[in-house]
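Architecture at a glance
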Amino acid sequence: MQGTQRNSPTYLTLAEDAAQPALAEDWIGKFVMLGRMAALWSREHPESQLVVALSVPVRDFAAVLVGCGWMSASAAPFIPPVVDVLETLPRHAPVRVVTQSRGGTPSRVFTERFHAIDIEKNRAGIGWGWQIDKLRAVVPLKGIDTARSQLAPEPGVFSKLTGMQKDWAARLCSPPQDLALVGTLKALSEDLTAYIGRGNEREPIANILLPEHPRAATWSTRIYPANQLDVGLQSADLRAALLDGASAVKYLPTIATPVVIAVLDRSVADVSVPEQVMNYRNTRGEPVSLEHDLRWKPPAGVEALGFEVPL
Amino acid sequence: MSRLGIVAARYARSARLVRCGVGLDLVGDPTGARVNAAVQEVLVLGRDNTSGLLDDVLGAAKALRWRLITQPQPVECNPALRQAAADVEAEADRLHAAVGPQMKGVLDELVASAQAAVVADPIAGDVLLKLVQEKTPRTCVIIAASGPAGAGLESWLGPMGFQVKIVGQLIREQLFVESGYAVGPPRFFPASVTNAPMTEKLDFIFPVWFGDRSLQQSTLAPHAEGAIVVPVTDFLTGDLGEPRKTSTEHSVDETELLPQAHWITPSTQPRELAPDEVAARRVLLSGGYSTWLDDGEWIRAVDPSQPGGRRVLNVDVKAVRVGIYLLLRHGETERSALYKAALELMGSQAAAVIASQTQWKSALQAQLDRLGRAGVVRELAAAGVGTLDRVVAWTEPMLARPRSDQDFERLLEWLGIDVYPAYELATALRRKRAQASVKIGDQLEEAVAAADMSLLERSGHLRLELESKGFRSVFATRVLGISPYVEIISRHETRILSRDRSAKWLE
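Please read these numbers as outputs of a predicted model, since none were measured by experiment.

As for the overall build of chain B
Each helix and strand in chain B was counted, giving 15 helices and 14 strands. In terms of overall dimensions, chain B has C-alpha extents of about 80 × 65 × 45 Å along its principal axes. The burial tally for chain B puts 53% of its 507 residues in the buried class. Working note: accessible area of chain B is about 22,300 Å², and carbon and sulfur atoms make up 51% of it. Put simply, chain B has 57 plus and 62 minus side-chain charges, and the middle of one group is 4 Å from the middle of the other.

In structure tokens, the structure reads:
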């Protein structure tokens, strides 16, 4: 079944990689929308935890699409101009830097230690040393274990569509780090190699979610394997947890982030986790109408249960 | 099909089935109706008899009824049906001298109906054949209700070129065809067959005398927005001519008529647990085994419908149901092997950990001995401990520590034990145990990925061989029945496989 070509240019598309034909279906954009609307609702209801349980025919892609929506609703951080930041840094301060692309050299993101600044000579002593006007953004970090460097992604069709491309360097340099993805590592890794797009253009989902991994110089989303969640989601910075599949969703009652989206796969025969979710909602939750309060209706084939729990 | 194509197809088919619905092909079947009525008569008449005298004849009768529904192949390719009828006759015969005249008459009718059931070919089989012959074998699939039913239907329809699968197989093999013909009523199949279908069209074929025609709702449906509700259309077919004997005086609930285990109420009175004892339930397993499940937090299970690498799950013990495939060992339990592995990972700290754990656990046991369980629970509640139902479990040597940090701290304080270093050591042990558990999980995942899931589904059990020492022989087996009674047994008996023939009518 090749990607269905619908004459609906407003549908977002999904593709497995950079080359394969893209799929345009309404559920793709709807999952993204859910992430966005959940973020907006949460801002207006700071004293509640919003839980949205989704049941889908198969788990694939749902969680990362919701994550893209969440990221698109996050505000760009404000960073002072490069020189202002450099002038206040103590020696040996760890920093994250986003560089300009010039000629053949692409833009990069890296973490390093700062040494000194010489404004007259237009030089910043970070790592090997840089010309100040080649730096797009600099931000101090709390700590650094090793210096890391990577190519800086450039905004694509989705980022431009959602306005994320404004202050893109700031987003890379001081990324929001309030999102967690919980599930089977293998399944999540496969989903994270997919592309989201519109029309003929596409953008890697990994550039939107910026998953944390050992060699990443910058990241936004923490990835937790479900089978290691016994000790709970640790960080206090987390504001949204996307629970992918029963192995993750069964920890729902232990998660305290302001937003939780739980993806349940209806192909799975064992109903004990969906029953657990219903039980949790019936004993601790107050119903939330997704249609009225989040202005979101699930696509065909998807069931959605919204409720809030006091934080 | 690409992975994305598969995902798109699943969404589209789910939406389509909600729009177009499924068909229920209700087959008029006087021969089967006679068996159905006879089984109900025996059941109703024998209700007051709690001695277990009728267990075997009822077991055989329910198995016959089950096979009439799920395996309607022509008699000559249906050894399962012939065997079931013979079993009914044999069991009824055995009882002849032991029962009164009324029961004798009812049993005679049961035997007569069983004999009649293997004379003429089941009508549902005829109906099924006509339906699938309107399609090409490539565009349809016959969906069997169980592994054995699949094997039976396959032996008949396979040579004709048709595909026979059970639902888990359909999903695992990613088989997308236009039409599905499920042999049996909706309640015999996992909910996913209608709520997350692999087929564009779906029909259920089963006798009109089967009482329960309800579709399985998805769990979230009662309160969800966009709830999946699949419409149903009834079609009457087969031999509807003969007037049915409507035995409306006894309308037996379908659950009672399905093969199920018989549990004897335990004779022992509830009492306090001795140090080495736990409360557990007996679980009957495929392959002629049973085990005891205590209330320890989780147990490993296998989901054959998932792709290799994602089949091994950790399931809450309380959530274990009939139909789940558990992973169990002969000999040593995973729990004790994990404990040893965790201690090994602690290296030089192992001795300190053992000493510290023994200290607080024996202090807790001493309090339990002195005040009794109720007394300890009362005092711990007053001290602010939350998970009071786990208090006795915390004395178990292999359990690292209470799950909640707060509860653990308060417990140690109440016991008068220094929170440092007991807390740290127990937490480190738990971490090492989790590490060891992940490693074992990965090895199990590998072994299960290489194993034949079709074989597991067909026979209900499968042995897996693992590389790691201490975990050599692992057994995947389907849960056939769970006792409603909790009994007190020695801690060492939990989760061990033991030979048990009680489930012989359930496979």
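Regarding the sheet that holds strand β1 (residues 22–28) of chain B
Residue and element names in this part refer to chain B. Judged by pairing direction, the sheet is parallel, and its six strands sit side by side in the order β3-β2-β4-β5-β1-β6 without closing on themselves. The open sheet is flanked by β3 (163–166) and β6 (232–238), the only strands paired with a single partner. Along the sheet, successive strands turn relative to each other by an average axial angle of 25 degrees, direction set aside. As paired elements, strand β2 (residues 140–144) and strand β4 (residues 179–183) share four bridges and run parallel to each other. Bridging from a neighbouring strand, Ile142 pairs with Tyr181 of β4. Along the sheet, helix α6 (residues 123–133) makes contact with β1, β2, β4, β5 (201–207) and β6, crossing β1 at roughly 140 degrees.

Things to note about the packing of helix α3 (residues 55–70) of chain B against helix α5 (residues 101–117) of chain B
Residue and element names in this part refer to chain B. α5 packs onto α3 with a crossing angle of 30 degrees between their chain directions and a minimal axis gap of 12 Å. Judged by the angle between their axes, α3 and α5 are roughly parallel. The handedness of the crossing between α3 and α5 comes out as left-handed. Contact residues: α3 offers Val57, Ala61, Leu64 and Leu68, while α5 offers Leu107, Leu110, Ala114 and Ala117. Partitioned by chemical class, the residues of the contact of α3 with α5 number eight nonpolar, no polar and no charged.

As for the interface of chain A and chain B
Counting residues at the interface gives 51 residues for chain A and 39 residues for chain B. Between chain A and chain B, roughly 3,900 Å² of surface is buried when both sides are summed, and carbon and sulfur atoms account for 59% of that area. Linking chain A with chain B are three salt bridges, by the criterion used here. Taken together, the elements giving at least two residues each to the side of chain A that touches chain B come down to β1 (12–15), α1 (26–44), β3 (48–56), α6 (185–192), α9 (272–284), α10 (290–293) and β17 (303–310) of chain A. Sort the elements by how many residues they give to the side of chain A that touches chain B and α9 of chain A lands first, with six residues. Among the residues making up the side of chain A that touches chain B, the classes are represented as 27 nonpolar, ten polar and 14 charged.

Digging into α9 of chain A
Residues and elements named next belong to chain A. The terminal C-alpha atoms of α9, which comprises 13 residues, lie 18 Å apart, in line with the 18 Å expected from a rise of 1.5 Å per residue. Of all the residues in α9, the buried ones are Ser272, Val273, Pro274, Val277, Met278, Tyr280 and Arg281. If you follow the buried residues of α9, they end up packed against β3, α8 (246–249), β15 (259–265), β16 (286–287) and β17.

Some points on the sheet that holds β17 of chain A
All names here are of chain A. The strand order across the open sheet formed by seven strands is β13-β10-β14-β15-β3-β17-β16, and the pairing between neighbours is mixed. Each edge of the sheet is formed by a strand with only one pairing partner; in this case those strands are β13 (221–225) and β16. Looking at chain direction, strand β10 (residues 179–183) and strand β14 (residues 240–244) are connected through four bridges and run parallel. Looking at the pairing, Ala180 lines up with Ala241 of β14.

Considerations on the environment of Tyr325 of chain B
Residue and element names in this part refer to chain B. Checked against the element boundaries, Tyr325 lands in strand β11 (residues 325–329). Its relative accessible area of 9% is what places Tyr325 among the buried residues. Sequence separation of Tyr325 and Val312 is 13 residues, and the distance between their C-alpha atoms is 9.9 Å. The contacts of Tyr325, once residues within four sequence positions are left out, are Ala301, Val302, Pro304, Leu456, Glu457, Gly460, Thr477 and Arg478.

Some thoughts on the pattern of salt bridges
Using the criterion set out here, one finds 25 salt bridges over all chains in the structure. For Arg65 of chain B, the salt bridge identified is with Glu254 of chain B, shortest N-O distance 2.9 Å. Highlighted residues: Arg65 of chain B in helix α3 and Glu254 of chain B in helix α10 (residues 254–257), separated in sequence by 189 residues. Per residue, the accessibility class of Arg65 of chain B equals that of Glu254 of chain B, and both read buried. A single network of salt bridges, built from pairs that share partners, joins Arg59, Asp60, Asp191 and Asp244 of chain A together with Arg3 of chain B.

Quick look at the side chain of Ser218 of chain B
On the secondary structure map, Ser218 of chain B appears in the loop between β5 and β6. Overall, Ser218 of chain B belongs to the buried group, its relative accessible area being 8%. A polar contact is formed between the side chain of Ser218 of chain B and the side chain of Glu303 of chain A, at a distance of 2.6 Å.

Brief notes about the environment of Leu290 of chain A
Secondary-structure assignment places Leu290 of chain A in helix α10. Given a relative accessible area of 0%, Leu290 of chain A falls into the buried group. Discounting chain neighbours no more than four positions away, the residues touching Leu290 of chain A are Val52, Arg295, Trp296, Ala304, Leu305 and Gly306 of chain A together with Glu225 of chain B.

Some words on the packing of helix α13 (residues 405–415) of chain B against helix α14 (residues 419–450) of chain B
All names here are of chain B. Direction vectors running N to C along α13 and α14 enclose 140 degrees, while the axes themselves pass 10 Å from each other. Classified by the angle between their axes, α13 and α14 sit oblique to one another. As for how α13 packs across α14, the hand of that crossing is right-handed. Contacts from Asp405, Phe408, Glu409, Leu412 and Glu413 of α13 reach α14 at Val419, Ala422, Tyr423, Ala426 and Arg430. For the contact of α13 with α14, the per-class residue count stands at six nonpolar, no polar and four charged.

Let's talk about the pairing of β1 of chain B
All names here are of chain B. With seven of seven residues buried, β1 lies mostly within the body of the structure. On β1, burial covers both faces: Val22, Leu24, Leu26 and Gly28 on one face and Gly23, Asp25 and Val27 on the other are all buried. Bridge count for β1 against β6 is seven bridges, and the pairing is parallel. When the sheet's bridge partners are listed, Leu26 is paired in β6 with Leu236. Across five bridges, β1 lies against β5 in parallel orientation. Opposite Asp25, over in β5, you have Ile205 as the bridge partner.

Focus: helix α2 (residues 62–72) of chain A
Most of α2 of chain A is tucked away: eleven of the eleven residues are buried. Among all positions of α2 of chain A, only Ala62, Ala63, Val64, Leu65, Val66, Gly67, Cys68, Gly69, Trp70, Met71 and Ser72 of chain A are buried.

Comments concerning the pairing of β10 of chain A
Counting buried positions along β10 of chain A gives five out of five residues, so the element sits mostly inside the fold. Residues of β10 of chain A alternate between two faces, with Leu179, Leu181 and Gly183 of chain A on one and Ala180 and Val182 of chain A on the opposite face, all of them buried.

What to know about the environment of Ala33 of chain B
Turning to its location among the elements, Ala33 of chain B is positioned in helix α2 (residues 30–45). The spatial distance from the C-alpha of Ala33 of chain B to the C-alpha of Glu446 of chain B is 48 Å, given a sequence separation of 413 residues.

Parameters at a glance
- Residues numbered from 1 in each chain as written.
- Chains lettered and ligands numbered in written order.
- Predicted model: local features only at pLDDT ≥ 70, side-chain atom pairs only at ≥ 80, totals over all residues.
- Heavy atoms only, no water.
- Helix = DSSP H or I, 4+ residues; strand = E, 2+ residues; numbered from the N terminus.
- Buried < 20%, exposed > 50% of the residue type's maximum accessible area, 1.4 Å probe, protein only.
- Areas by Shrake-Rupley, 256 points an atom, 1.4 Å probe, with all protein chains shown as cover.
- Lys, Arg positive; Asp, Glu negative; His and termini not counted.
- Charge placed at Lys NZ, Arg CZ, Asp CG, Glu CD.
- Pairing = 2+ DSSP bridges.
- Axes fitted to C-alpha atoms, helices over the stretch in contact; angles between N-to-C directions.
- Contact = heavy atoms within 4.5 Å.
- Parallel < 35°, antiparallel > 145°, perpendicular 65-115°, else oblique.
- Left-handed = near helix turned anticlockwise from the far one by under 90°.
- Nonpolar A, V, L, I, M, F, W, Y, C, P; charged D, E, K, R; others polar.
- Buried area = accessible area lost by both parts, 1.4 Å probe.
- Salt bridge = Lys/Arg side-chain N within 4 Å of Asp/Glu carboxyl O.
- Expected span 1.5 Å × (residues − 1).
- Polar contact = N/O pair within 3.5 Å; in protein donor to acceptor, adjacent residues only side chain to side chain.

Coordinates in, geometry out; function isn't part of it.
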